[in-house]
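# A structural walkthrough
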Amino acid sequence: MVDLEKAPPARSREGEPVPRADGEGCLVVAVRLPVRIVALVLVLPVRMAWDALVVAGRFLRDTVLRPVGRALAWLGRALFVWPLVGLWRYVVVPVAKGVGWLGNVLLVVPAVWVYRWVLTPVGRALAWCCAGVGAVLTALGRGLYAGLAWLARYLVVVPAGWLYAWVLTPIGHLLAWCGRGLARCGRGVLWCLGKAVTGIGAVLYWTLRILLVLPALAVWRWVLAPVGRALAVVGRELLDALGHAWRIAGHLSRAVGRALAALFRWTVAEPARWVYRSVLTPVGHAVRDTVLRPLAEAARAAGRAGRQALRSARLSVRQARADLRRTLFGEPERPPSVDRREPSGAKARTLGSSTTALTKD
């Protein structure tokens, strides 16, 4: 039986009932059942049409689409895959191996020989020359660096240190003392400005809060939130009603399908099977035993008689042709017959003479 009542409340892990976000009153409970009945009436034809389409689609898939797909797959393999595999296996791979062997013989081996016996000795000679030149340039660079460092120390570093110690440091101290005084004055001015800005901000804050925030909060709390809760309840009930209606329609559609299948089986399939088993099969056996088998025997007998008649006619024609030939051309000459049978003694003498001749030879 399908449950049309309210679902039991959800429970937490500890077993305590979880309170719902929105309260349900008696009006919601009273409206739920009519809404679900109306939804069932509206959804049932759609669900039955959907189930019929599903059955038709499965039948079409099993009887048409799947065999056609298998035939197309076999045709695709025969037209594309197998020729490409044969081309790859018997044409591309041998040609690639031949090209690779030619590339190895014509390019790789000469390149390795040139690298080993030409480029390597030349590179080592150039490296030795560059090392010598680098040593000479390093010695010259070190001497030049030492001279430039001595000149920079006594022409730049020493005068700069004296200038920093006796000129820039006193001036910096004086500027720092003046900056501290200006900073104290600026902090006082900024404190005054901060107090003024704080007072103006407090006035603007309370003005905006009283004129905008509090009215908006009241509208949200006392108008929008209740309306949203009501709409949420209505939407949830509609979704629940549609879900229940869809499930109930599925059960009803399944029951209707089974009833139609049973009706078809008991009105068409079972009578047809009974007629085939109880009427057509005995009638067929009777027709086979009383009509078809005698006809087959008669046909075989007629065939045998016809073959015998043809054989007799053929023998008669052959005899008549021989008599006519004998009448026109006479009896043909026959070679004398030789009796190949010899007595046992003669055969023994013949074998003994042949054996003696072979021994003498």
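Cut-offs applied
Residues numbered from 1 in each chain as written. Predicted model: local features only at pLDDT ≥ 70, side-chain atom pairs only at ≥ 80, totals over all residues. Heavy atoms only, no water. Helix = DSSP H or I, 4+ residues; strand = E, 2+ residues; numbered from the N terminus. Buried < 20%, exposed > 50% of the residue type's maximum accessible area, 1.4 Å probe, protein only. Contact = heavy atoms within 4.5 Å. Areas by Shrake-Rupley, 256 points an atom, 1.4 Å probe, with all protein chains shown as cover. pLDDT = per-residue confidence, 0-100. Salt bridge = Lys/Arg side-chain N within 4 Å of Asp/Glu carboxyl O. Phe/Tyr/Trp six-rings, centres within 6.5 Å; stacked < 30°, edge-to-face > 60°. Core = buried A, V, L, I, M, F, W, Y, C linked by side-chain atoms within 4.5 Å. Patch = residues over 30% accessible without salt bridge, like charges linked within 9 Å, V, L, I, M, F, W, Y side chains within 5 Å. Lys, Arg positive; Asp, Glu negative; His and termini not counted. Charge placed at Lys NZ, Arg CZ, Asp CG, Glu CD.

## Thoughts on the overall build of the protein
- Regarding its fold elements, the protein presents two helices and zero strands.
- A burial count over the protein gives 6% of its 361 residues as buried.
- In the protein, of all internal contacts separated by at least 6 residues, the share reaching a separation of at least 24 is 72%.
- Approximately 30700 Å² of the protein is accessible, and the part contributed by carbon and sulfur atoms is 73%.

## Things to note about the confidence of the model for the protein
- Chain-level statistics for the protein give a pLDDT mean of 81 and a share of 83% at 70 or above.
- Confidence drops under pLDDT 50 across residues 1–7; counting only partners more than four residues distant or on other chains, this segment forms nine contacts.
- pLDDT under 50 marks residues 16–23. Its contacts with residues more than four places away, or in other chains, come to eleven contacts.

## Observations regarding the pattern of salt bridges
- On inspection of all chains with the given rule, the structure shows eight salt bridges.
- Of the charged contacts in the structure, one is a salt bridge between E237 and R236, with a shortest N-O distance of 3.7 Å.
- Note that R300 and E297 form a salt bridge whose closest N and O atoms lie 2.4 Å from each other. In this pair, R300 and E297 both sit in helix α1 (residues 26–329), three residues apart, roughly one turn of the helix.
- Look at R300 and you get partly exposed, because its relative accessible area is 41%.
- Classification of E297 by relative accessible area gives partly exposed; the value is 45%.
- Taken together, the shared-partner salt bridges in this structure form one network comprising R61, D62 and R66.

## A few points about the packing of aromatic side chains
- If you walk through the whole model with that rule in mind, you get three aromatic pairs.
- Considering the side-chain rings of W74 and W82, the 6.2 Å spacing of their centres and the 90° angle between planes classify their relative orientation as edge-to-face.
- Look at Y205 and W206: their rings are 5.4 Å apart centre to centre, the planes differ by 75°, and that puts the pair in the edge-to-face class.

## Quick word on the side chain of S253
- Looking at the element boundaries, S253 is found in helix α1.
- For S253, a relative accessible area of 9% corresponds to the buried category.
- Look past the residues within four positions of S253 in its chain and what remains in contact with it is R47, M48 and D51.

## A few points about the nonpolar core
- In terms of nonpolar packing, the biggest core is built from seven residues, these being A39, L40, V43, A241, A245, I248 and A249.
- With residues near it in sequence (within four places) discarded, V43 still touches L242, A245, W246 and A249.

## Some thoughts on a positive patch on the surface
- A cluster of basic residues, R304, R307, R311, R314, R318, R321 and R325, forms a positive patch on the protein surface.
- Within the secondary structure, R311 sits in helix α1.

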